Amino acid sequence: MAIVTWDELLQGEELAYRTEVRAREAGVVPIPDGLHPRVLTALADLGLTGLYRHQADAFHAAERGDHIVVATGTASGKTLAFNLPVLNALAEEPKLRALYLYPTKALAQDQARALSAFRLPRLRPAIYDGDTETERRWQIRKWANVILTNPDMLHVGVLPHHDRWGDVLQNLRYVIVDEAHVYRGVFGSHVANVLRRLRRAAAIYGADPQFLLASATIANPGELVESLLGVEATVIGKDSAPHAARTVAFWNPPLLDEELQLRASPLGEGAKLLADLVERGLRTICFAKSRKAAELIHRFASERVGAELAERLSPYRAGYTPAQRREIERRLVEGELLGVTATDALELGIDIGLLDCALSVGFPGTVASLRQQWGRAGRRSKGLAVLVASEDALDQFFMREPATLMNRRVEAAILDHSNPRVLDGHVLSAAFEAPLDERDTAFLGDEALVRAEALAESGELKRTNAGYVWAGRDYPAARFSLRSTSPESFAVVEADSGSVLGLVERERAYSTVHEGAVYLHMGEAYLVLGLDHESHTALVEPFGGDYYTQAKKETMTSIERPQVVERRLRMEVSFGSVSVTEQVVGYQKKSIRDQATLDLVPLLMPETTFETEAVWYLPEAWMLDGLDEMPRLLGALHAAEHSMIALLPLWAMCDRWDIGGLSTNLHHQTGRPTVFVYDGHAGGVGIARRGFDQLEGWVGDTAGLLAGCPCESGCPSCVQSPKCGNLNEYLDKAAAFTLLQRMAKGAP
């Protein structure tokens, strides 16, 4: 076991905070009596003589026939909690089937290894995903009783061809949904509909499978299951696993320019810490927010250590071949590697052995995600967890107010399966899979029949005596992605290879893949050579320059349907539907090194309009007293909007790039100064609603953010936004703080 030698590293002006988290003893109970003898033998062979209390609770709830969600911390044995009911059922009746769903292929590989370790006779696990050879697919359908796949494959490869899967569906006993907290926002809204289609398809074959879900600790596990599946679930949330003691440190890169609040690179600081820790023999994982960042930290760290030690460092990210990734995982588990730089591909529950230290370079977006990363280290003996701050507003807020992060409840996972932009494709897909009628609302929700009627009016569905059926020749599931709310997307194509890097919704394409834009894909930079509006393609090439681009947009927001209007914080606050009209009129080139503006290029793109959900508020005259002269009024509203957008991810599991906003001194409908914060995805996925519901806490946090930032007139750590359509013009930090403080107090 490594000797803990990090104390001398955690010193100096960079150390913003340090605390010690005490170890926790396990709560162990006897293995349940009702287990099949073969399962009991397998557990004994693995050295298991008892279960954590939450594992036993999950087993008993599953035996009662409940749907369950296990929402406990990292390394708390969630895998065994959902495997045990499955293994027991299959030991008693091997003809039964179980379907395991994972958000990534690597997780499915990891679970297949975990299942094989039980060495149970008649347990036949198999992975069925895009990499599965065609000739093996029918064999898997025929003989595997545990099939490991992902939502995308279920959507296009299984449900549209359910006639081939009849035996699997007829005997489907359990569906496992691991890493359920990943299914939020647009992706989660789509996956909710895929899971509901699966329930419907199973019912057609006479099955009613139980769903066993596992999630990181989130604020609303029961609500998440109801949103995903339309069923109630028993929540197993009291973690009884042991936890080793842990040192937690917040590391803020040193200031280079006090006036501009410019700090040293967090990548350089992360690399320095990584190198110092591995030189002390401490096995360390360092998480970065992009592939490029992970590669740079690896390179910088390798340059700081000797050649022999550099051989024991490795990056790990998406884009490697499966064989390369398996080899890195093997070297980690067996202790050959001392240091790994990773994207969040390793944040999820892959078993990577026993590590001493976990570094997070940049707040990963949610408290739940940060705890997942920190949980990778110190599983058996004392661990070290470090957050290295970027200049982002949220990161700097935590450096100044560490208690707001350490004591904070994890966020709620938000999705909206009934968003028409998401639901329509699934209604078409369901009608292709089997005629759709009012009985299907039990699975797909009441809104599905409303949308079916509308789709019949447009000619995409046909009314028949059996119900609504698909009117086309192809199958509709192949027409849309689970990652977008818009069927009208632009393909991003690499010019040399012709490979498609990804899809961008039309609403976002004009601001992210216009000609001359620097486009980031999986952390790699590409320069957009051209955007073809007819073929809906953006042609790109790899880009090694030292600048990034920011679109200049003109935005207008119109209120369509207020759904809730309340007096909150002594002002009028609304939630409802709005339409957002945007037009890109230029873009800025900005230096990566110091954010200096290098060039402003004029550009005129087509207007886009999309309907979404928003929260908006109308500050009272007394709140704006002394701030109501132009341009100060505009600066106050604009800076308040930016800082509120920066803090909303604390309340909903989202990224600031999922949120848009508009502030105006005189809105054409309200006739007053108004601030809008809206979902950046067409139709909305519940983010703005979460902001509306949590308004008081959200405004209070935002006032605290501005109070604590030491800059004089506004900086990237408080009111400046990397996605501002006005290029951060007209921002008044002091006026915004006065306004938000008055709002938070809610009294004149």
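Residues numbered from 1 in each chain as written. Predicted model: local features only at pLDDT ≥ 70, side-chain atom pairs only at ≥ 80, totals over all residues. Heavy atoms only, no water.

### Details of the pairing of strand 15 (residues 313-316)
Move 1: Covered by surrounding structure in strand 15 are Leu313 and Pro315 together with Ser314 and Tyr316, the residues of both alternating faces.
Move 2: Note: strand 15 against strand 16 (residues 339-342), 4 bridges, orientation parallel. Bridging across to strand 16, Ser314 finds its partner in Val340. (Buried < 20%, exposed > 50% of the residue type's maximum accessible area, 1.4 Å probe, protein only. Helix = DSSP H or I, 4+ residues; strand = E, 2+ residues; numbered from the N terminus. Pairing = 2+ DSSP bridges.)

### What to know about the sheet that holds strand 14 (residues 284-287)
Move 1: Ordered in space as 1-11-18-17-14-16-15, the 7 strands form an open sheet in which the pairing is mixed. Two strands in the sheet have a free side with no partner beyond their single neighbour: strand 1 (15-21) and strand 15. Neighbour-to-neighbour, the strand axes of the sheet open up by a mean angle of 15 degrees, direction not taken into account.
Move 2: Bridging between strand 17 (residues 357-361) and strand 18 (residues 383-388) involves 5 bridges; their strand directions are parallel. (Axes fitted to C-alpha atoms, helices over the stretch in contact; angles between N-to-C directions.)

### Topic: the environment of Ala58
Move 1: Mapping Ala58 onto the fold places it in helix 2 (residues 53-63).
Move 2: By relative accessible area, Ala58 is classed as buried at 0%.
Move 3: Not counting the four nearest positions on each side in its chain, Ala58 is found in contact with Ile68, Val70, Ala81 and Ile236. (Contact = heavy atoms within 4.5 Å.)

### So, the packing of aromatic side chains
The relation between two aromatic rings is expressed through the spacing of the ring centres and the mutual angle of the planes.
Move 1: In this structure the tally under the stated criterion is 14 aromatic pairs.
Move 2: Seen from their ring centres, Tyr17 and Phe250 are 5.0 Å apart, and the 55 degrees between their planes marks the pair as tilted. Pair noted here: Tyr17 is in strand 1 and Phe250 is in strand 11 (residues 246-251), with a separation of 233 residues, a long-range link.
Move 3: Here Phe250 falls in the buried class, since its relative accessible area comes to 0%.
Move 4: One aromatic cluster is present, formed by Tyr17, Phe250 and Trp374 through successive ring pairs.
Move 5: Note that Arg137 overlies the ring of Tyr128, its terminal NZ or CZ placed 5.5 Å from the centroid.
Move 6: Here the basic side chain of Arg689 rests over the ring of Phe575, its NZ or CZ set 5.1 Å away from the ring centre. (Phe/Tyr/Trp six-rings, centres within 6.5 Å; stacked < 30°, edge-to-face > 60°. Lys NZ or Arg CZ within 6 Å of the ring centre and 35° of its normal.)

### Structural notes on the confidence of the model for the chain
Predicted coordinates in areas of low pLDDT are best not read in detail.
Move 1: With 94% of its residues at a pLDDT of at least 70, the chain reaches an overall mean of 88.
Move 2: Taking the mean pLDDT of every element in the chain, the minimum, 73, falls on helix 13 (residues 322-333) and the maximum, 97, on strand 8 (residues 172-177). (pLDDT = per-residue confidence, 0-100.)

### With respect to the packing of helix 8 (residues 185-204) against helix 17 (residues 420-433)
The packing of two helices is summarised by the inter-axis angle and the distance between the axes.
Move 1: One can describe the packing of helix 8 onto helix 17 by two numbers: an axis separation of 10 Å at closest approach and a directional angle of 20 degrees. With respect to their mutual orientation, helix 8 and helix 17 come out roughly parallel. Once helix 8 is placed against helix 17, the crossing between them reads as right-handed. Contact residues: helix 8 offers Ser189, His190, Asn193, Val194, Arg197 and Arg200, while helix 17 offers Val422, Leu423, His426, Ser429, Ala430 and Glu433.
Move 2: By residue class, the composition of the contact of helix 8 with helix 17 is 4 nonpolar, 5 polar and 3 charged. (Parallel < 35°, antiparallel > 145°, perpendicular 65-115°, else oblique. Left-handed = near helix turned anticlockwise from the far one by under 90°. Nonpolar A, V, L, I, M, F, W, Y, C, P; charged D, E, K, R; others polar.)

### Points about unusual backbone geometry
Move 1: Here the residue pair Met630 and Pro631 is connected by a cis peptide bond, since its omega of 5 degrees sits within 30 degrees of zero.
Move 2: Within the secondary structure, Pro631 is located in the loop between strand 29 (608-618) and helix 21 (632-647).
Move 3: Here Leu569, not a glycine, exhibits a phi torsion of approximately 50 degrees, which is positive.
Move 4: Looking at where Leu569 falls in the secondary structure, it is placed in the loop between strand 26 (547-568) and strand 27 (571-591).
Move 5: Its relative accessible area of 13% is what places Leu569 among the buried residues.

### Things to note about helix 9 (residues 221-229)
Because each turn of an α-helix spans 3.6 residues, side chains separated by three or four positions in sequence point in the same direction.
Move 1: Every buried residue of helix 9 is accounted for by Pro221, Leu224, Val225, Leu228 and Leu229. Buried positions in helix 9, seen along its axis, are confined to an arc of 105 degrees and lie on one side of it.
Move 2: Elements that come into contact with the buried residues of helix 9 comprise strand 4 (68-71), helix 8, strand 9 (210-215) and strand 10 (234-236).
Move 3: Directly beyond the C-terminal end of helix 9, a positive phi value near 75 degrees is found at Gly230. (Arc of directions from axis to C-beta.)

### So, the sheet that holds strand 6 (residues 125-127)
Strand pairing within a sheet occurs via backbone hydrogen bonds; the two strands may be parallel or antiparallel.
Move 1: Pairing in this open sheet of 7 strands is parallel, and the strands run 6-7-5-8-9-4-10 from one edge to the other. The open sheet has two free edges, formed respectively by strand 6 and strand 10, since each of these has just one partner strand. On average, adjacent strands in this sheet sit at an angle of 15 degrees to one another, irrespective of strand direction.
Move 2: Bridging between strand 8 and strand 9 involves 4 bridges; their strand directions are parallel. Residue pairing in the sheet places Val175 in a bridge with Phe211 of strand 9.
Move 3: The sheet strands contacting helix 3 (residues 78-92) are strand 4, strand 5 (97-101), strand 7 (146-149), strand 8 and strand 9, and the helix crosses strand 9 at an angle near 160 degrees.
Move 4: Lying over the sheet, helix 5 (residues 134-143) contacts strand 5, strand 6 and strand 7, oriented at roughly 150 degrees with respect to strand 6.

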